[in-house]
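One-letter residues, chain by chain:
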Amino acid sequence: MVNAKARARAVYGPDSNFHATEIKRRDLDTHDVLIEIKYAGICHSDIHTAHGEWGPVHYPLVPGHEIAGIVKEVGSEVSKYEVGDRVGVGCMVDSCGECENCQNGEEQYCLKGMVGTYAGTDRYGEPTQGGYSTHIVVHEDFVLRIPDNIGLDAAAPLLCAGITTYSPLNHWKASEGKKVAIIGMGGLGHMAVQIANAMGAEVTVLSQTLNKKEDGLKLGATHYYATSDESTFEQLPKTFDLIINTVSANLQLDDYLNLLTLDGTIVNVGAPAEPISLRVANLIGHRRSFAGSAIGGIRETQEMLDFCSEHNIKPQIEMISADQIDEAYERVLASDVKYRFVINTSTM
Ligand code: NAP
Ligand code: ZN
C-alpha cells in the first residue's frame, strides 16, 4: 500500500476546534480501494456529530462523508474500479450485505446497521474516520463512479446532500403536476430545489428570509416565501403534495402540516437532536403523513449521480482550506453558507 498514513483534521471532544493529525488507514483487503481524496464537503451532520449532539462519539474524530477523489491502488480481487478512476464515497462504507434491505439495495437501512463513513466501527473492529483527510480505504461495493462532466469538487456534496434529497423526491414521486416545497435553502435545500425541478415538479422554497430568493429562483424554484413572515402560512393552506424539510433545527411542525394537501407528506431529512411535537389532528384532517428518510442506497446514489450528470445539476460550492474548517462550521450554524463548503484536501 502506497500510503498507510493519511493527513487529516480531527476534533478531540465536543467543544474542540480542528487540529492537524495523521491517521492510519487499513492495509488493502482483497476488495478494498485506496482513494486519494481531492475534495470533502462539509455537511451539517458533521457538525451535529462532532459536537456530540446525536450521542457519544469516539474522539479523536475525523468527520466528512462527501468525498471525491482518485483511485490510487486496488486490492487483488477488485473488479469494479481501476487505478486512476474518478470516484466518490458517501455516508456509509459497509453493511451486512445479506439482510433483506441490503439485498434490495437499501444498505442505509441494513438490519444489522450500516457502517458510517466516520464515527462507526468497521468490519475489523476499528473506528471509521471520514473524509477531512488525504486518503481513505473503502470496500469497492461502497465506492461510486463520478460522471466525466461533473468536477470532483462539485461531485463531493452530491454524495450526501444530493442523495439525501434525491431519494425522498424519487420515493414520493416528485414529478410533473406535483407541488413540492423545500424548507431551508442550505446545503441539502439547494440540491432539493434543483433535483425536484429536474423531476418536473413545481418547486416552492420556504426559507427564513427572502435573502436567497434570487438564487432559489435561478436554481429552479417557481415560488419563494419567508417563513418569518406569518402571512406566508395564511397564503398557502393545503397547497403541497410533498414537503421536504431540510432544517437542522426543530420547527413548529403544525404550521407546515397545514400546508399539505389531502394525502400530502412531509418528509424530514433534517435531523435535529431534540424530539419534536405535532398535533395529530393536523395529520388526521387530510390523511397527511409525517415521514423521515436517510440518505439513499448505493444503487440509487449512482442513479442520482447519473441524473445530475444528465440534467447538469451541480451544487454551488465555496472552496476552503483545511485551516478554515472551524470558521466554516460557525458560518453553517449561522445559515451563512452558499451553499456548501468544500475542503481542498491538498491543504491538509
Ligand atoms: P445547512 O446547510 O445548515 O442547511 C440547513 C438550512 O436550514 C439553513 O441553511 C437554513 O435555511 C435552515 N435553518 C437553519 N436553522 C434554522 C432554524 N432555526 N429555523 C428555521 N430554519 C433554519 O445544513 P445541511 O447540511 O443542509 O443539513 C440539514 C439537516 O439535514 C441537518 O440536520 C443534517 O444533519 C441533516 N441531514 C440528514 C441526512 C439524512 O440522511 N436524513 C443527510 C444529511 C444531512 P434558510 O436560511 O433558507 O432558512
Ligand atoms: Zn451529510
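It should be noted that the structure appears before, not after, this text.
Cut-offs applied
Residues numbered from 1 in each chain as written. Chains lettered and ligands numbered in written order. Predicted model: local features only at pLDDT ≥ 70, side-chain atom pairs only at ≥ 80, totals over all residues. Heavy atoms only, no water. Near = heavy atom within 4 Å. Polar contact = N/O pair within 3.5 Å; in protein donor to acceptor, adjacent residues only side chain to side chain. Areas by Shrake-Rupley, 256 points an atom, 1.4 Å probe, with all protein chains shown as cover. Helix = DSSP H or I, 4+ residues; strand = E, 2+ residues; numbered from the N terminus. Contact = heavy atoms within 4.5 Å. Core = buried A, V, L, I, M, F, W, Y, C linked by side-chain atoms within 4.5 Å. Buried < 20%, exposed > 50% of the residue type's maximum accessible area, 1.4 Å probe, protein only. Phe/Tyr/Trp six-rings, centres within 6.5 Å; stacked < 30°, edge-to-face > 60°. Salt bridge = Lys/Arg side-chain N within 4 Å of Asp/Glu carboxyl O.

Peer 1: I tried to follow the site of ligand 1 on my own but got confused; where do I start?
Peer 2: Around ligand 1, the structure places 29 residues, and the nearest of them are His44, Met185, Ser207, Lys212 and Arg340. Between ligand 1 and the protein, one listed contact pairs an oxygen atom with a side-chain N or O atom of Lys212 at 2.7 Å. Interatomic distance of 2.6 Å between a side-chain N/O atom of Arg340 and an oxygen atom of ligand 1. When ligand 1 is considered free in solution it has 920 Å² of accessible area, and contact with the protein chains removes 89% of it. Only α1 (44–50), α3 (152–171) and α4 (187–198) provide two or more residues apiece to the shell around ligand 1.

Peer 1: In this structure, what is going on with the environment of Val83? I would like to understand it.
Peer 2: As for its placement among the helices and strands, Val83 is situated in the loop between β4 (67–74) and β5 (86–89). In this structure the C-alpha to C-alpha distance between Val83 and Val33, which are 50 residues apart in sequence, comes to 8.9 Å. Among all residues touching Val83, those that are not within four sequence positions of it are Val71, Lys72, Glu73 and Val74.

Peer 1: Got a minute to help me understand the nonpolar core in this structure?
Peer 2: For soluble globular proteins, nonpolar side chains are generally found buried alongside one another. Of all hydrophobic cores here, the largest spans 64 residues; its most connected members are Leu169, Val180, Val193 and Ile195. Looking at which element gives the most residues to this core, the answer is α3, with 11 residues. Ignoring anything within four residues of it in the chain, the contact list for Leu169 reads Ala174, Val180, Ala192, Ile195, Ala196, Met199, Leu242 and Ile244. By size, the runner-up hydrophobic cluster in this structure holds 24 residues, among which are Ala10, Ile23, Ala50 and Leu61.

Peer 1: Any chance you could explain the packing of aromatic side chains here in plain terms?
Peer 2: Each pair of aromatic rings is reported with the distance of its centres and the angle of its planes. Inspection of the entire model under this criterion finds 4 aromatic pairs. Between Phe18 and Tyr132, the aromatic rings sit 5.6 Å apart at their centres with planes inclined by 50°, giving tilted as the arrangement. With Phe18 in the loop between β1 (5–10) and β2 (19–24) and Tyr132 in the loop between β7 (115–116) and β8 (135–139), this pair connects stretches of sequence that are 114 residues apart. Relative accessible area serves as the criterion here: at 10%, Phe18 is assigned to the buried category. Residue classification places Tyr132 among the buried residues on the basis of a relative accessible area of 0%. Here the aromatic rings of Phe18 and Tyr329 are separated by 5.2 Å at their centres, their planes lie at 80°, and the arrangement is edge-to-face. In this pair, Phe18 sits in the loop between β1 and β2 while Tyr329 sits in helix α10 (residues 325–333), placing the two residues 311 residues apart along the sequence. By relative accessible area, Tyr329 is classed as buried at 4%.

Peer 1: In this structure, what is going on with the pattern of salt bridges? I would like to understand it.
Peer 2: A side chain of one charge can pair with a side chain of the opposite charge if their charged atoms are brought near each other. The final tally for this structure, using the stated rule, is 14 salt bridges. With its nearest N and O atoms 3.6 Å apart, the salt bridge here joins Lys38 to Glu36. Accessibility expressed as a relative area gives 31% for Lys38, which makes it partly exposed. Note on Glu36: relative accessible area 21%, which makes it partly exposed. Residues Lys80 and Asp141 are paired through a salt bridge, measuring 2.5 Å at the closest nitrogen-oxygen approach. Of this pair, Lys80 sits in the loop between β4 and β5 while Asp141 sits in the loop between β8 and β9 (144–145), and the two are 61 residues apart along the sequence. It is possible to trace a salt-bridge network through shared partners that takes in Arg26, Asp32 and Asp122.

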